[in-house]
Amino acid sequence: MVDFGNDRQGLKSLNLLPEQCRAARALLNWTQAQLAAIAGVSHSTIKDFEGCRHALHRATEALLIEALEKGGVRLLGTGHDGPGVRLKLAMCKMPLWKG
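Notes on the structure follow. Everything quoted here is computed from the prediction, not taken from an experiment.

### Considering helix H3 (residues 43–50)
Moving on, step 1. For H3, the set of buried residues is Thr 45, Ile 46, Phe 49 and Glu 50. Down the axis of H3, the sector holding all buried residues measures 115°, keeping them to one side.
Moving on, step 2. Next to the buried residues of H3 lie helix H1 (18–28), helix H2 (32–39) and helix H4 (58–71).
Moving on, step 3. Cys 52 lies just past H3 and shows a positive phi near 60°.

Next comes the structure, spelled out in structure tokens:
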């Protein structure tokens, strides 16, 4: 489950931003079509959401978040530094540089 730090009555608030979606796809090297297929939504849904043409339904948002997180990213909430996205450590395929 995604923890965006907005716990209301035991339910987590999702609030995926278009910028987070684009950044997560970039980190995973996924196209919009790949994300759509993995999440089980239409390509136009991803395209329109990332282009800020419309908001997502909660169920669609949950499908995208689940797909992105299973793909290997962690979506970060609006805490101190604001919303963001990062790779899960196990997803890093290159050894860390030791200079």
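Picking up where we left off.
### Notes on unusual backbone geometry
Moving on, step 1. Of note, Asn 29 is a non-glycine position whose phi angle comes to about 60°, a positive value.
Moving on, step 2. Assignment of secondary structure puts Asn 29 in the loop between H1 and H2.
Moving on, step 3. We classify Asn 29 as exposed; its relative accessible area is 66%.
Moving on, step 4. One non-glycine residue, Cys 52, adopts positive backbone phi at about 60°.

Basis of the calculations
- Residues numbered from 1 in each chain as written.
- Predicted model: local features only at pLDDT ≥ 70, side-chain atom pairs only at ≥ 80, totals over all residues.
- Heavy atoms only, no water.
- Buried < 20%, exposed > 50% of the residue type's maximum accessible area, 1.4 Å probe, protein only.
- Helix = DSSP H or I, 4+ residues; strand = E, 2+ residues; numbered from the N terminus.
- Arc of directions from axis to C-beta.
- Contact = heavy atoms within 4.5 Å.

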